[in-house]
2 protein chains.
Amino acid sequence: MTTQAPLVVIIGGGFGGLTAAKGLKRAPVNVLLIDRSNHHVFQPLLYQVATSVLAPGQIASPIRSLLSLQINTSVMLGNVTGVDATSKQVIVDAGDKVGLKVDYDYLILATGAKHTYFGHDEFAAFAPGLKSLADAESLRNHILEVFEKAEIEDDAERRRALLTFVMVGAGPTGVEIASAIAVMARTSLRRDFRCIDPTSAHVVLVDAGSRPLATFSEKLSEAAMRRLTTLGVEVRLGVAVQVVDEEGVVLGNERIRAKTVVWTAGVAPSPAGKWLGTVVDRAGRVRIEPDLTVPEHPDIFVIGDTASLDQDGHPLPGVAQVAMQQGKYAAKSIFRRVAGQSPLPPFRYFDKGNLAVVGRNFAVLQSAGVELSGFMAWLVWAFIHIQFLAEASLRFSVFLQWSWTYISGKRAERLIIWHRAND
Amino acid sequence: MTTQAPLVVIIGGGFGGLTAAKGLKRAPVNVLLIDRSNHHVFQPLLYQVATSVLAPGQIASPIRSLLSLQINTSVMLGNVTGVDATSKQVIVDAGDKVGLKVDYDYLILATGAKHTYFGHDEFAAFAPGLKSLADAESLRNHILEVFEKAEIEDDAERRRALLTFVMVGAGPTGVEIASAIAVMARTSLRRDFRCIDPTSAHVVLVDAGSRPLATFSEKLSEAAMRRLTTLGVEVRLGVAVQVVDEEGVVLGNERIRAKTVVWTAGVAPSPAGKWLGTVVDRAGRVRIEPDLTVPEHPDIFVIGDTASLDQDGHPLPGVAQVAMQQGKYAAKSIFRRVAGQSPLPPFRYFDKGNLAVVGRNFAVLQSAGVELSGFMAWLVWAFIHIQFLAEASLRFSVFLQWSWTYISGKRAERLIIWHRAND
């Protein structure tokens, strides 16, 4: 690492930030990647940690080891709390140190999104989301625990509430969790209880819209809908969740008693817009220029879920593909500027397609005019998801785990591990 | 499950309880196994979860799935708080239900041991032990985090404290963790930091006795001692820990500043003796009869770490082998009584030998007059530990993981996952 080279600070080690860091591997710059967790998570498979199929280590890699051979790059575990664009510094809490100031020459904000309750923060305690490994482990513990509680529950109504699972939001995550819980109850857990019948688990998928997987074509939504019904998932559409509390949810005038509610209905961007004091869209995402920089701050790039950019009149979606392509573009753009080369043409997102899995043996796929649902789409889904894992060892490990779970029906990570102060 | 058959209640799904349950597979009884966790843990490999090699799911199996095909057996997730030997009931907190009463005809208490601080409970906050998966995950998070904190620490003394690891107790667990941390710092972490040199980590192993691995022969202790020194572990013998606090430990008059202290120095039995109001030994373990039952309670068996039984004038050690052989004996004994057969001869422990691992490529082994240290003993150690995992799938999975970590030096589970209320 040379000290005279410009310093590129990247905030966030998700798909966008990590791709940007890797894109700067051979650039004549020093890179510092700051993330509040020590690992990069492959978020599309978080639901499989939540449903006991995969271990956290199978979908996550230490950011340090992903970048250890990239000698111009260092990594810091820290929580960014602000940006001072005037003095060109980011403010970080790291370890026991509060308010560390870190200089930058170029800044890439890839700080992602978290789930939001649209003003109903009181729902949070009863309807967690699924964004981190900690979320996934907590949900795993909770799902396994309600089956345990149901097994010793004499009261039929309470038992029913324990075995009712409500997913709010019928996007890919909601559909994937709902179908995974339905499959788990009907396969892995089927023989393991003596008083309850796990296959009687009642899985409800709720959405205010008119169809599940609304980002796909209507035909594929219908196919997903049929599959969900086959799996025994009750899909409730066109209805808003009024209340989430300890007892369950209220949909319109109807109360559904459920001890498990998972929130996948909305995401809110990180506070990057507030840090910069710049223009944001309605959701709070930073409005960026076609070169992914912030207006009046050509040295600050904002990418991924926390950025807002239109293409052909439509906002780009908050998906991994966009974040990765933007990360690559930002890295290349900085490389060219540092090297004194002409600027890149404006960023354009190339949509490779869209995939969502619905239980075992079934996925929907939409790509380059092709629409596919069923087993073949599921094979493509499995192949692509394995291919995009960050390390070859994870690809191998997940492939083996999936094969084994597919054949045996067993789930390797069916563990309740609560972290209590005293045990 | 027939309702007229006698009900055998087993408390604890560790080595003893699980072996007892399996031993009753074909007995004309109903079996209920109660444990406060949903999984059986292979404790000898907990230190590998703490040092990021193995995932929790690789050394643990859901008790329910281990016993799912055993149709006379059911499983309850619950915390036993007492035994009423007069009315033949155990008292259980399970789920939201407090003080559930569960009838038994035969009772097997296999409730194990936890770590103890010999009256210094104030040490607990600074020197956790390693008995559960939650302990192992917390320690893993902590160890990874001190390296992260050291990387951003400018003060040399504080950096040194962050990179100092003190293990209290030089039994197998203390030796295994100390050497595993030393190996991890010198292999997996070596290239991943830019400011600190992980290989400078200072690992200290403290024991009040005169040698490490005191249950082995003196020759093997010496071999282990040499190996520890080669690995860079500082072994401090004949010295008691006076103080453990936020700053580290005090040994005699010397303070060692260390942000990581692990306590493996002592275990205390479960409260089984108090529940029964019966005679206990000095450590608090229930004094049992040669047929493993409690004096005056021929229908209550106490086995494993929470039981105290002498053989040839020496107390049986608190090891997995004893618990498993006792579990098997208790099951067989109940089987014979229910079947109206003559009682078994008194229990005799058959000591198959003793093994401990010291880092990579080195273990000590003592069995049937044979003493061995080095690479061959390590192969035996690895073979035996894989063989004793509860499921074939785990054996395969651990074998692959070990092979991969051995070859690549990488650790698959190098994840810091803190479970906070709000993130």
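This text goes with the structure placed above it.
A quick note: this is a predicted structure, and the numbers were derived from the prediction, not measured.

*Asks:* So what's going on with the overall build of chain A? Residues and values would help.
*Replies:* A count of helical and extended segments in chain A gives eleven helices and 27 strands. For 423 residues, the compact-globule estimate of 2.2 N^0.38 gives 22 Å, and the C-alpha radius of gyration of chain A, at 22 Å, lies within 12% of that figure. If one aligns the C-alpha atoms of chain A with their principal axes, the spans along those axes are about 70 × 55 × 45 Å. Within chain A, contacts between residues separated by at least 24 positions form 63% of all contacts whose residues are at least 6 apart in sequence. Carbon and sulfur atoms make up 53% of the accessible area of chain A, which totals about 17,800 Å².

*Asks:* Outline the relation of the copies chain A and chain B, listing residues and values.
*Replies:* When chain A is fitted to chain B, the residual RMSD is 0.0 Å, and the transformation amounts to a turn of 180 degrees plus an axial shift of 0.0 Å. A rotation of that kind, with that shift, is consistent with a two-fold axis. Of the C-alpha atoms belonging to chain A, the one lying closest to the rotation axis is found on Ala55 of chain A, 3.2 Å away. In this assembly the copies share their binding face: 100% of the residues contributing to the interface of chain A also contribute to that of chain B.

*Asks:* With reference to specific residues and values, describe the pairing of strand β13 (residues 233–237) of chain B.
*Replies:* Residue and element names in this part refer to chain B. Pairing of strand β12 (residues 202–207) with β13, which is carried by five bridges, proceeds in the parallel orientation. Bridge assignment links Leu205 to a residue of β13, and that residue is Val235. With helix α7 (residues 218–230) bridging β12 and its parallel neighbour β13, the resulting β-α-β unit is right-handed.

*Asks:* I'd love a proper account of helix α9 (residues 320–338) of chain A, names of residues and values included.
*Replies:* Residues and elements named next belong to chain A. For α9, which comprises 19 residues, the first-to-last C-alpha distance of 27 Å matches the rise-based estimate of 27 Å (1.5 Å per residue) to within 8%. What α9 keeps buried is the set Gln321, Val322, Ala323, Gln325, Gln326, Gly327, Tyr329, Ala330, Ala331, Ser333 and Ile334. Buried residues along α9 sit against β1 (7–11), α1 (15–23), β9 (106–109) and β21 (297–302). Taken from the residues just after α9, Gly340 is the one with a positive phi, measuring 75 degrees.

*Asks:* Outline unusual backbone geometry, listing residues and values.
*Replies:* Most peptide bonds are trans, and most residues other than glycine sit at a negative phi. Residue and element names in this part refer to chain A. Phi is positive for Ser52, close to 70 degrees, though the residue is something other than glycine. Structurally, the position occupied by Ser52 is in the loop between α2 (46–50) and β4 (60–62). At Phe118, a residue that is not glycine, the phi angle is positive and equals roughly 50 degrees. When you line up the elements, Phe118 lands in the loop between β10 (113–115) and α4 (133–151).

Thresholds, definitions, all that
- One numbering rule holds for all chains: residues counted from 1, following each sequence as written.
- Each chain gets a letter, beginning with A, and each ligand a number, beginning with 1, in the order they are written.
- Per-residue local features are limited, in this predicted model, to residues with pLDDT of at least 70; the limit for side-chain atom pairs, both in listing and counting, is 80 or more; totals at the level of whole chains, interfaces and linings are taken over all residues.
- For the side-chain quantities, the full set of heavy atoms in the structure was used; hydrogens and water were omitted.
- Segments assigned H or I by DSSP are reported as helices when at least four residues long, segments assigned E as strands when at least two residues long, and all are numbered from the N terminus.
- The globule rule used for comparison is 2.2 Å times the number of residues to the exponent 0.38, while the radius of gyration itself is calculated over C-alpha atoms.
- Residues are treated as being in contact if the distance between any of their heavy atoms lies within 4.5 Å.
- Each accessible area is a Shrake-Rupley estimate made with a 1.4 Å probe; only the visible protein chains count as cover when residues are assessed.
- Least squares is used to superpose the copies, and the fit set is the C-alpha atoms of residues whose pLDDT is at least 70 in both copies.
- One bridge is not enough; two strands pair if DSSP finds at least two bridges between them.
- Looking down the strands as they point away from you, a crossover is right-handed if its path from the first strand over the helix to the second goes clockwise.
- Here a helix's expected span is defined as the number of its residues, less one, multiplied by 1.5 Å.
- Buried residues are those whose accessible area, probed at 1.4 Å on protein chains only, stays under 20% of the maximum for their type, while exposed residues exceed 50% and partly exposed ones sit between those limits.

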